Amino acid sequence: MSDKHYTVGGGDGWLNIKSEPGGQIIAVPEYLLVDLTSSKDGRDFFSVLEGFARGKTFSVKSGHLKRGSPGYHGPVQVTFSLSKKLLNYPGGQIKAITHNGSQPIPIGLHPIQIPDFPHVLGAYYVGQSPYAKTWFFLGRGNAIPGSNDRYLHTGEVSNGCITVDPTGWTRLYQYLILCRRGDEKTVGMVTVVR
């Protein structure tokens, strides 16, 4: 019997959970859809239904899972203009850049994935947004550092990613984190144009 809940993150949008069995601690993003299977000794046991840890079993201290829906939206369609240095989304417009010499993000359509893990490089910008360590992978499969690791994230430096102005990140994050494409992996798509 399915008992769908979602994760409630801390002030930075992340929740530490423990793998079962094994006990390895990982962080998952807030609003991640899970299936609560049991509760015992002050802990909730569940399987993750979407995102990077989909299909795996974990536990967390009771009180960090909520029943129902946090207010999910349908899939988002975002547009990033290389020439205008602007990212447009249903909630507004934000300044954005991409750099990497001869390898900026390619023109075309890219999936925007549910966040995978807290990114330490975002810590430089937590004074401007508590969600600065939350990055959205742009692509299919999983990110491989140094190979296909393009993200939508905040900051002032880009290495081929779509990097948005830190002052607008909180609003963009709060919109994206509730979007779902219905494939258990992505929140929507970004179209990169000249």
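Above: the structure in question.
Since the structure is predicted, the reported quantities are computational estimates derived from the model, not experimental observations. (Residues numbered from 1 in each chain as written. Predicted model: local features only at pLDDT ≥ 70, side-chain atom pairs only at ≥ 80, totals over all residues. Heavy atoms only, no water.)

Undergrad: Can you walk me through the overall build of the protein in this structure?
TA: Looking only at helices and strands, one finds one helix and 15 strands in the protein. The C-alpha extent of the protein, read off along each of the three principal axes, is 55 × 30 × 30 Å. Expressed as a percentage of the 194 residues in the protein, the buried residues total 44%. Considering only residue pairs separated by 6 or more positions, the protein has 60% of its internal contacts joining residues 24 or more positions apart. Carbon and sulfur atoms provide 52% of the accessible area of the protein, an area that totals close to 9600 Å². Taken together, the 20 basic and 14 acidic charged side chains of the protein have centroids lying 6 Å from each other. (Helix = DSSP H or I, 4+ residues; strand = E, 2+ residues; numbered from the N terminus. Buried < 20%, exposed > 50% of the residue type's maximum accessible area, 1.4 Å probe, protein only. Contact = heavy atoms within 4.5 Å. Areas by Shrake-Rupley, 256 points an atom, 1.4 Å probe, with all protein chains shown as cover. Lys, Arg positive; Asp, Glu negative; His and termini not counted. Charge placed at Lys NZ, Arg CZ, Asp CG, Glu CD.)

Undergrad: For this particular structure, what's the right way to read the sheet that holds strand E2 (residues 14-19)?
TA: Sheet strands pair via backbone hydrogen bonds, and the direction of the pair is either parallel or antiparallel. Reading across the sheet, the seven strands line up as E3-E2-E6-E5-E4-E1-E7 and stay open at both edges, with antiparallel pairing between neighbours. Because the sheet does not close on itself, it has two edges, and the strands there are strand E3 (25-29) and strand E7 (65-67). Strand-to-strand twist across the sheet, computed as the mean angle between neighbouring axes with direction ignored, equals 50 degrees. (Pairing = 2+ DSSP bridges. Axes fitted to C-alpha atoms, helices over the stretch in contact; angles between N-to-C directions.)

Undergrad: What exactly am I supposed to notice about the nonpolar core here?
TA: As a rule of thumb, soluble globular proteins bury nonpolar side chains together. Counting 38 residues, the largest nonpolar core has Leu 87, Phe 136, Leu 152 and Ile 162 as the members making the most contacts within it. In terms of residues, this core owes the most to one element, helix H1 (residues 166-176), which gives four residues. Ignoring sequence-local partners within four residues, the contact set of Phe 136 consists of Ile 112, Gln 113, Pro 115, Arg 150, Tyr 151, Leu 152, Trp 169, Tyr 173, Leu 176, Ile 177 and Val 187. (Core = buried A, V, L, I, M, F, W, Y, C linked by side-chain atoms within 4.5 Å.)

Undergrad: Which parts of the structure should I look at to understand the sheet that holds strand E11 (residues 108-113)?
TA: Taking strand neighbours across the sheet as the criterion, the eight strands line up as E11-E15-E8-E9-E10-E14-E13-E12 in an open arrangement whose pairing is mixed. The two strands at the open ends of the sheet, each matched to only one other strand, are E11 and strand E12 (136-137). As paired elements, E11 and strand E15 (residues 186-193) share six bridges and run antiparallel to each other. By the bridge assignment, Leu 109 is partnered in E15 with Thr 191. This element, H1, spans strand E8 (76-81), strand E9 (86-89), strand E10 (92-97), E12, strand E13 (151-154), strand E14 (162-164) and E15 of the sheet and lies at about 130 degrees to E13.

Undergrad: Explain the pattern of salt bridges to me, please; I cannot follow it from the model alone.
TA: A side chain of one charge can pair with a side chain of the opposite charge when the charged atoms of the two come close. Enumeration over the complete set of coordinates arrives at five salt bridges. Taking the shortest distance from any N to any O, the salt bridge between Glu 50 and Arg 180 comes out at 3.0 Å. Of this pair, Glu 50 sits in the loop between strand E5 (43-48) and strand E6 (57-61) while Arg 180 sits in the loop between H1 and E15, and the two are 130 residues apart along the sequence. With respect to burial, Glu 50 and Arg 180 carry one shared label: buried. (Salt bridge = Lys/Arg side-chain N within 4 Å of Asp/Glu carboxyl O.)

Undergrad: Please clarify how the environment of Pro 118 should be interpreted in this entry.
TA: With respect to the helices and strands, Pro 118 occurs in the loop between E11 and E12. A residue is classified by how much of its surface remains accessible, and Pro 118, at 27% relative accessible area, is partly exposed. Put simply, Pro 118 and Val 28 are 90 residues apart on the chain and 8.2 Å apart in space, counted from C-alpha to C-alpha.

Undergrad: Can you walk me through empty space enclosed by the protein in this structure?
TA: A probe matching the size of a water molecule, rolled over the atoms, marks out where space remains unfilled. Considering all chains together, one arrives at one cavity of 30 Å³ or more under this definition. When its volume is computed, the largest cavity comes out at roughly 50 Å³. What lines the largest cavity is simply Phe 52, Gln 113, Ile 114, Asp 116, Phe 137, Gly 141, Asn 142 and Ala 143. Here the residues of the lining of the largest cavity are counted per class, giving four nonpolar, three polar and one charged. (1 Å grid on protein atoms, 1.4 Å probe; cavity = no way out; pocket = protein on both sides within 12 Å on 5 of 7 lines; lining within 4 Å. Points joined across faces, edges and corners; volume = space filled by probe spheres on them. Nonpolar A, V, L, I, M, F, W, Y, C, P; charged D, E, K, R; others polar.)

Undergrad: Would you mind going over unusual backbone geometry with me for this structure?
TA: What is expected of a backbone is that most residues other than glycine have negative phi and most peptide bonds are trans. That bond from Glu 20 to Pro 21 is cis: its omega, -15 degrees, falls within 30 degrees of zero. On the secondary structure map, Pro 21 appears in the loop between E2 and E3. Positioned with a positive phi, Tyr 31 is a non-glycine residue whose angle comes to about 70 degrees. As for its position among the elements, Tyr 31 is in the loop between E3 and strand E4 (33-40). Residue classification places Tyr 31 among the partly exposed residues on the basis of a relative accessible area of 22%. Unusually for a residue other than glycine, Lys 85 sits at a positive phi of about 55 degrees. One can find Lys 85 in the loop between E8 and E9.

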